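Summary of the model geometry
Next come the chains, spelled out residue by residue.
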Amino acid sequence: MIRRFVSGRPIVTGAVVRRLPAESMDGFPFAHRLDGGRFVFSFPLEKDEIVYGLGEAPRGINKRGWIYRSFCSDDYLHTEEKEAFYAAHNFLLHDGCGIFIDFPAEIRWDIGYARADEAVITLDGEDFEIYLIFGETPRAVVREFRSLIGKSYVPPFWAFGFQQSRWSYPDAEAVRDIVRGYDEAGLPLDAVYLDIDYMDHYKNFTVDREAFPDLAGLAAEMKAEGIHLVPIIDAGVKKEEGYAVYEEGRDKGYFCRNADGTDFEGGVWPGTVGFPDFLRPEVRAWFGEKYRILTDMGIDGFWNDMNEPALFYSAKGLADALETASEMRGKNLDLPQFFALKGAFEGLDNRREDYASIWHEIDGRPVNHMRVHNLYGASMTRAAGEFFEEAFGKEKILLISRASCIGAHRYGGIWFGDNHSWWQHILLCLKMLPSANMCGFLYCGADLGGFGGNTTPDLLLRFLALGVFTPLMRNHSAMGTRDQECFRFENTADFRDVTRVRYRLIPYLYETFRRAAEEGDMMFRPLSFDWPDDPLARECETQLLLGDECMIAPVYEQNVSGRTVYLPEEMCFVKLSGDRITAKEILPPGLHYIRVALNEVPLFLKKGKSIPLCRPALRTSRLDIAGKEDLTW
Ligand code: GLC
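Residues numbered from 1 in each chain as written. Predicted model: local features only at pLDDT ≥ 70, side-chain atom pairs only at ≥ 80, totals over all residues. Heavy atoms only, no water.

What follows deals with the overall build of the chain. Assigned secondary structure in the chain consists of 16 helices and 38 strands. At 24 Å, the chain has a C-alpha radius of gyration in line with the 26 Å of a compact globule built from 633 residues. Here the chain, with 633 residues, has 62% of them falling under the buried criterion. For the chain, long-range pairs separated by at least 24 residues make up 72% of all intrachain contacts whose partners lie at least 6 apart in sequence. Of the accessible surface of the chain, which amounts to about 23100 Å², a share of 49% is contributed by carbon and sulfur atoms. Charge separation in the chain, taken as the distance between the mean sites of 72 positive and 96 negative side-chain charges, equals 3 Å. (Helix = DSSP H or I, 4+ residues; strand = E, 2+ residues; numbered from the N terminus. Rg over C-alpha atoms; globule rule 2.2 N^0.38 Å. Buried < 20%, exposed > 50% of the residue type's maximum accessible area, 1.4 Å probe, protein only. Contact = heavy atoms within 4.5 Å. Areas by Shrake-Rupley, 256 points an atom, 1.4 Å probe, with all protein chains shown as cover. Lys, Arg positive; Asp, Glu negative; His and termini not counted. Charge placed at Lys NZ, Arg CZ, Asp CG, Glu CD.)

Now the structure itself:
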């Protein structure tokens with residue numbers, strides 16, 4: 001059962017696919033008020049109640065005890081004190097009731113922070129829709145919610161293979177080296193990503209002809225070997241005379257504007273860019289069609305980036321900072337002056353006042369960016385997704401995005417952005433999986449091994465042992481960090497053992513994924529969903545249920561030989577390693593310390609269940625799906 005409440009004149013976000021009768025806010029069951037143009041509502045939290053949701057967001061599976069913000073943020077330091085990451089997933093689930101706020105401006109979620117026994121949610125505006133979703137169980141609430149927002153994106157089958165990325169593989173030869181490195185080490189691989197340097201001076205839909213003289217030829221050569229190339233596309237379009245995409249966008253008036261009607265100019269990788277106004281259908285159609293330049297070269301996968309949108313500086317912000325700097329020139333800088341100078345540059349990126357100076361057009365009328373901020377990245381995904389579906393049909397093109405909001409789950413997947421080579425980020429990824437699934441994002445995953453900072457082989461292996469289960473299994477790392485491809489380390493055999501497990505599991509993972517997409521279900525669930533009355537299951541933040549058959553529990557600390565797991569009921573503990581099953585043991589309910597070597601992937605089968613395992617291969621296209629055997633209880 002779903003109730004829909006409407007306030008004012010909400011912006012149509014496209015998040016919802018079902019039309020439901022609207023109720024006025026008079027009947028809204030939670031305490032609420034208007035506060036200086038903001039809508040605030042609150043509800044009590046019982047002592048042991050769990051609050052789920054918010055998708056890709058900081059902290060735990062249980063969101064209690066912190067403040068979160070729905071404001072898509074380009075922030076590469078995913079530390080505990082953060083309130084927002086790249087996404088705005090406005091779905092919360094507590095006490096048998098789902099709350100979906102269909103509203104693209106900022107929302108502040110105080111979930112038992114100011115007061116432990118209360119949730120206070122503040123919307124930065126008065127025009128919105130709120131859906132209340134009811135069901136017998138949390139899982140039923142999620143299913144009902146998902147019927148409201150429509151079916152999740154399903155990528156092509158090969159996108160379940162292992163994918164390797166780096167910022168950046170500089171040229172075609174480097175790409176060949178990566179594939180060779182994997183092949184020679186007997187490590188499976190299905191895709192290689194091309195980061196910003198494949199472009200000519202970071203211009204979308206161009207190719208650096210010196211580094212990649214024949215991208216179409218390279219794509220064909222790779223395809224013949226079963227490898228897919230996945231280039232990046234950024235939101236901003238470089239301002240440059242003679243660059244067709246920019247000139248067209250400018251001449252057609254397709255870029256976001258300043259208040260005075262001139263094009264808004266911001267700085268990102270290419271320097272000054274225009275930001276396509278993806279909220280306009282004609283701009284989406286125009287930009288979407290540009291992907292054809294690359295699909296015509298045989299490309300069938302893309303990652304959309306910097307679409308919060310990330311803003312290194314605005315033209316005005318940069319001019320002000322340079323002005324401050326020139327005023328300080330030659331002065332003996334005292335403390336306030338020095339910090340003023342430093343702050344002038346440090347505070348340049350992603351400034352609220354710059355976002356507030358951007359204007360979109362909706363139905364011919366100007367709309368300030370702050371009112372629709374969270375729709376921007378999602379609309380870029382939609383531009384690409386709509387084009388792909390129209391041109392190629394469903395499930396043909398891989399698409400992942402950094403920024404997202406609910407609704408974009410129908411057009412593409414997401415990766416969790418710029419994490420670090422930190423042990424704690426294994427768990428951060430694990431905790432985001434069920435939360436993202438609730439919100440419709442099934443095809444997702446983190447940068448395995450960590451994006452920022454230097455990884456270590458043990459961290460990468462433990463990260464991969466979680467990544468074996470995430471639909472997107474991609475190793476990616478930042479410029480300037482240590483090489484992170486699996487064949488770079490001396491213990492290549494360990495990497496072979498872990499990544500081959502993925503390929504053994506692909507038939508199972510793919511089926512579980514498809515079923516979740518079809519039925520509006522979650523692929524990963526918190527333990528509390530299945531054992532709502534078991535206190536330890538309710539508190540568990542380090543293990544997940546996978547489908548109806550399995551439980552996963554990755555090792556997440558350095559220099560340990562295993563971890564403690566909690567079994568709410570009797571389960572079969574299995575360790576998979578390469579083509580082998582290195583342990584299989586029925587464990588009674590309770591707490592157990594399990595030992596897991598670096599080359600093993602732990603897995604728990606629920607009582608009486610079995611899952612298919614196939615023989616591993618170096619490519620998904622070479623998997624012998626028919627030759628499966630069952631891993632049984
Ligand atoms: C952003 C992306 C990252 C990418 C980098 C360069 O930080 O999140 O994945 O490698 O930009 O394009």
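This is not the end of the story, as more comes after the structure.
Moving on to the packing of helix α12 (residues 424-438) against helix α13 (residues 457-467). Running from N to C, α12 and α13 cross one another at 10 degrees; their axes reach a closest spacing of 10 Å. Accordingly, the angle class assigned to the pair α12 and α13 is roughly parallel. Of the residues in α13, those in contact with H425, I426, C429, L430 and L433 of α12 are L459, R462, F463 and L466. Tallied by class, residues from the contact of α12 with α13 come to seven nonpolar, one polar and one charged. (Axes fitted to C-alpha atoms, helices over the stretch in contact; angles between N-to-C directions. Parallel < 35°, antiparallel > 145°, perpendicular 65-115°, else oblique. Nonpolar A, V, L, I, M, F, W, Y, C, P; charged D, E, K, R; others polar.)

Our next topic: the side chain of N304. Here N304 lies in strand β19 (residues 301-305). In terms of polar contacts, N304 uses its side chain to reach the side chain of Y291, at 2.7 Å. When sequence neighbours within four positions are dropped, the list of residues in contact with N304 reads I233, Y291, M380, T381, A384, L399, I400, S401, R402 and W415. (Polar contact = N/O pair within 3.5 Å; in protein donor to acceptor, adjacent residues only side chain to side chain.)

Before going further, it helps to spend a moment on the sheet that holds strand β34 (residues 580-587). Paired through backbone hydrogen bonds, the strands of a sheet run either parallel or antiparallel to each other. Taken together, six strands build an open sheet; the order of strands is β29-β30-β31-β36-β33-β34 and the sheet is antiparallel. Of all strands in the sheet, those bounded by a partner on one side alone are β29 (524-525) and β34. Both strand β33 (residues 571-577) and strand β36 (residues 601-606) contribute to a ladder of six bridges, which runs antiparallel. What sits directly across from C572, in β36, is L605. (Pairing = 2+ DSSP bridges.)

Turning our eyes to something else, we now look at empty space enclosed by the protein. Per the stated rule, a full pass over the model turns up three cavities of 30 Å³ or more. Taken as a whole, the largest cavity holds about 90 Å³ of empty space. Around the largest cavity, the lining is made up of 13 residues, and of these N90, D102, F103, C405 and I406 lie nearest the centre. Looking at which element gives the most residues to the lining of the largest cavity, the answer is strand β9 (residues 97-102), with three residues. Along the lines of polarity and charge, the residues of the lining of the largest cavity split into nine nonpolar, three polar and one charged. One number sums up the size of the second largest cavity: a volume of about 70 Å³. (1 Å grid on protein atoms, 1.4 Å probe; cavity = no way out; pocket = protein on both sides within 12 Å on 5 of 7 lines; lining within 4 Å. Points joined across faces, edges and corners; volume = space filled by probe spheres on them.)

Take the site of the ligand next. As a matter of local geometry, the ligand sits amid 13 residues, with D195, D305, R402, D418 and H476 nearest to it. Separating an oxygen atom of the ligand from a side-chain N or O atom of D305 is a distance of 3.1 Å. H476 places a polar side-chain atom, nitrogen or oxygen, 2.9 Å from an oxygen atom of the ligand. In isolation the ligand has 310 Å² of accessible area, and contact with the protein removes 97% of it. When atom positions are compared with the pocket grids, the ligand is found to occupy the second largest pocket. Split into classes, the residues belonging to the shell around the ligand amount to eight nonpolar, one polar and four charged. (Near = heavy atom within 4 Å. Sits in = over half its atoms within 2 Å of the grid points.)

Attention now moves to the nonpolar core. Counting residues in each nonpolar core, the largest one holds 170 residues, and the members touching the most others are F91, F100, F212, L215, Y291, L294 and F469. It is helix α14 (residues 492-519) that provides the largest number of residues to this core, a total of twelve residues. Every residue in contact with L294, bar those within four places of it in the chain, is listed here: Y198, F205, V207, L215, I233, I299 and F302. Formed by 28 residues, the second largest nonpolar core is a distinct cluster that contains C97, I101, F103 and L132. (Core = buried A, V, L, I, M, F, W, Y, C linked by side-chain atoms within 4.5 Å.)

The next subject is a nonpolar patch on the surface. Side chains of L335, F338 and F339 sit close together on the surface and give an oily, nonpolar patch of about 320 Å² of accessible area. Mapped onto the secondary structure, F338 falls in helix α8 (residues 335-346). (Patch = residues over 30% accessible without salt bridge, like charges linked within 9 Å, V, L, I, M, F, W, Y side chains within 5 Å. Salt bridge = Lys/Arg side-chain N within 4 Å of Asp/Glu carboxyl O.)

Another point: the state of the cysteines. A covalent bond bridging the sulfur atoms of two cysteines is what the word disulfide describes. Applying the stated criterion across every chain yields a total of zero disulfides. For the unlinked cysteine C97, the closest cysteine sulfur is that of C439, found at 14 Å. Left unpaired, C444 is separated from the closest cysteine sulfur, that of C429, by 7.7 Å. You can call C444 buried: its relative accessible area is 0%. (Disulfide = S-S within 2.5 Å.)

Along the chain, the position of M473 falls in strand β28 (residues 473-475). The class for M473 is buried, based on a relative accessible area of 0%. Placed 17 residues apart in sequence, M473 and T456 show a C-alpha to C-alpha distance of 18 Å. Excluding residues that lie within four positions of it along the chain, M473 makes contacts with G161, F162, Q163, L448, L464, G467, V468, T499 and R502.

Next up on the list: the pattern of salt bridges. Tallied over the entire structure, the rule returns 55 salt bridges. Among the salt bridges present, the one from E240 reaches K203, with a minimum N-O distance of 2.7 Å. Here E240 is found in the loop between β16 (237-238) and α4 (244-251), whereas its partner K203 is found in the loop between β14 (191-194) and α3 (215-224), with 37 residues between them in sequence. By relative accessible area, K203 is classed as buried at 8%. Via salt bridges that share partners, R139, R143, D521, R525, D530, D548 and K606 belong to a single interconnected network.

Let's shift gears to the pairing of β34. Note: β33 against β34, seven bridges, orientation antiparallel. Residue pairing across strands places K575 opposite A583, the latter belonging to β34. Here β33 folds back onto β34 in antiparallel fashion, the turn holding two residues, of which G578 has a positive phi close to 55 degrees.

This part is about the layout of surface pockets. By volume, the largest pocket amounts to about 670 Å³. Taken together, 29 residues line the largest pocket, and the ones lying closest to its centre are I11, V12, L279, I362 and D363. Mapped onto the lining of the largest pocket, the elements with two or more residues apiece are α5 (281-290), β21 (359-362), β22 (365-368) and α11 (376-392). Looking at side-chain class alone, the lining of the largest pocket contains 14 nonpolar, five polar and ten charged residues. Those elements that provide at least two residues to the lining of the second largest pocket are β19 and α9 (352-355). Class assignment for the residues of the lining of the second largest pocket results in 14 nonpolar, three polar and nine charged.

With that settled, consider helix α7 (residues 315-328). Along its 14 residues, α7 runs 20 Å from first to last C-alpha, staying within 8% of the 20 Å computed at 1.5 Å per residue. Where α7 is concerned, the buried positions are G317, A321 and M328. What you see down the axis of α7 is that its buried residues fit within an arc of 30 degrees, all on one side. Elements in contact with the buried residues of α7: β20 (313-314) and α8. (Expected span 1.5 Å × (residues − 1). Arc of directions from axis to C-beta.)

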